[in-house]
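Residues per chain are reported as follows:
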Amino acid sequence: MRLYKKLLAKIGLYFIISAIILFLTCIYTAWSLPRDLVLVEGEEYIYNVQSVFPVKLNFDKEETVQLGRNQVKPKRKLQFSNSVLLKTLNKGSANLEIKLFGVIPLKLVKVNVVPNNKVVACGNTVGVKLKLDGILVIGMGEVEAAGGYRVSPIKDTGIKPGDFILQVNRKIVNDISSLIEEINASEGKEMHLRYRSGDSFHDVQINPVKSIDDNNYHIGLWVRDNTAGIGTLTFYDPETTYFGALGHGITDMDTGILIPVKWGEIIESNILAIKKGENGVPGELKGIFAEDGDKLGSVTVNSSYGIYGQLYGSAISEVPGKTYPIAVRSQIREGPATIIANIMGREVEEYSIEIQKVSMKSVKGSKGMVIKITDERLLEATGGIVQGMSGSPIVQDGRIVGAVTHVLVNDPSRGYGIFIESMIKEMYENSIVQNIKANAS
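Since the model is a prediction, treat every value here as computed from it, not as a measurement.

1. Quick word on the sheet that holds strand S30 (residues 399-408)
Strand order around the closed barrel formed by six strands is S26-S27-S28-S31-S30-S29, with antiparallel pairing between neighbours. For this sheet, the mean inter-axis angle between neighbouring strands, taken without regard to orientation, is 45°. As paired elements, strand S26 (residues 335-344) and strand S27 (residues 347-358) share eight bridges and run antiparallel to each other. By the bridge assignment for S27, methionine 344 is matched with glutamate 347.

This is the structure in structure tokens:
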């Protein structure tokens, strides 16, 4: 009887250990697989699925991408890496369902197939002007009224920094001057205000107060309706003239929010001076919009992956660059590469770097690679990566692989780069938005 109980205990322990191993395998396999893949139309890719157990893969749209081998099985015991071939047929998106033993769901991977178009890598700095989609609240204050007392008309309305004023007295206001006109026209009477906070809309009533400082009516808000700065044009598609720049979004300096764009433009710029980067102190390219420069293109999208729009036809000859095929992250390796940058005047040059780390798991965000400047010319001139270089194209093995995005403040020779696949995907997805805005204007 005792031996029987021991046997049962051993069997139970065996099943518990097996269940734990299976559970941990599921977690590890799911964790090791990315949530999104971006692939190029008409190419083949080999990916490794980390699993000691048989894994079955299925696409829901085989007209977009197909598996070279449908069943992934380990070739020998304790083999943790199994290769699978993906063949892209047409642009579009498909879902890749991955199941352990063909039964247990592990992960659903979204695969985006982008057109196999070569792009022109630019690297020239441009001036960026953006008109905000709404009037951004950046601060709140008090109004000094007659009698010397101070009052905050906006208090208790729910409006806060980061919200957008959209309407006054049921009228759409697109700029600060229109907002001021409506406030003064109220002559202190109660007025209606509609604002957007995140994705929600709110309506409030407010009584402007006459200020003894300027004899005008105020509601106690500091606001902004536009922004401008210097950045780097990363690439454009010669077939469509759609472009991508910066590699990261433009955020408001006071509120930190990603600025929604009503319309914008990129303009030729000149770099006049360089503030060299040092440990703990980021450097900066000091530039101006070129007085004799041309308007290069329209900006319609500001996303966390950069700004996007379309070049004007007359600007193509003004934008320097060389045509490159694009690389997806599985084709990027740790090792030597170059960046294309404009650090003085309008001259664009190529500088040597080293790609130190490639994040194979995540395609999201603007920090897919860690890079280090190795070119002595650039280190001597700038100290490494400085503000204004964001968007400088990264080239490796004859392909454009990404763009510079951020500097490591404590080591200006090192920084981050975004995968070019993320920018290309964003550009094609937002080309629909661009067309909608162009047709509506």
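2. Quick notes on the packing of aromatic side chains
All chains considered together, the criterion is met by zero aromatic pairs. Looking at arginine 196, its charged tip hangs above the ring of phenylalanine 164, at a distance of 4.8 Å from the centre. The ring of tyrosine 416 carries the charged tip of lysine 367 above its face, separated from the ring centre by 4.9 Å.

3. A look at the nonpolar core
Formed by 43 residues in total, the largest nonpolar core has its most connected members in Leu86, Val111 and Ile424. Sequence-distant contacts of leucine 86, defined by excluding residues within four places in its chain, comprise Leu37, Leu39, Glu43, Glu44, Tyr45, Tyr47, Phe59, Val65, Gln66 and Leu67. In this structure, Cys122, Phe243, Ile250 and Ile259 belong to the second largest nonpolar core, which totals 24 residues.

4. Concerning the pattern of salt bridges
In total, this model carries 17 salt bridges according to the counting rule given. Of the charged contacts, one joins lysine 171 and glutamate 182 as a salt bridge, the two residues approaching to 3.7 Å between their closest N and O atoms. In this pair, lysine 171 is assigned in strand S14 (residues 171-172) and glutamate 182 in helix H2 (residues 176-185), connecting sequence segments 11 residues apart. Classification of lysine 171 as partly exposed rests on a relative accessible area of 47%. For lysine 286, the salt bridge identified is with glutamate 284, shortest N-O distance 3.7 Å. Taken together, the shared-partner salt bridges in this structure form one network comprising Glu142, Glu144 and Arg150.

The rules behind the values
Residues numbered from 1 in each chain as written. Predicted model: local features only at pLDDT ≥ 70, side-chain atom pairs only at ≥ 80, totals over all residues. Heavy atoms only, no water. Pairing = 2+ DSSP bridges. Helix = DSSP H or I, 4+ residues; strand = E, 2+ residues; numbered from the N terminus. Axes fitted to C-alpha atoms, helices over the stretch in contact; angles between N-to-C directions. Phe/Tyr/Trp six-rings, centres within 6.5 Å; stacked < 30°, edge-to-face > 60°. Lys NZ or Arg CZ within 6 Å of the ring centre and 35° of its normal. Core = buried A, V, L, I, M, F, W, Y, C linked by side-chain atoms within 4.5 Å. Buried < 20%, exposed > 50% of the residue type's maximum accessible area, 1.4 Å probe, protein only. Contact = heavy atoms within 4.5 Å. Salt bridge = Lys/Arg side-chain N within 4 Å of Asp/Glu carboxyl O.

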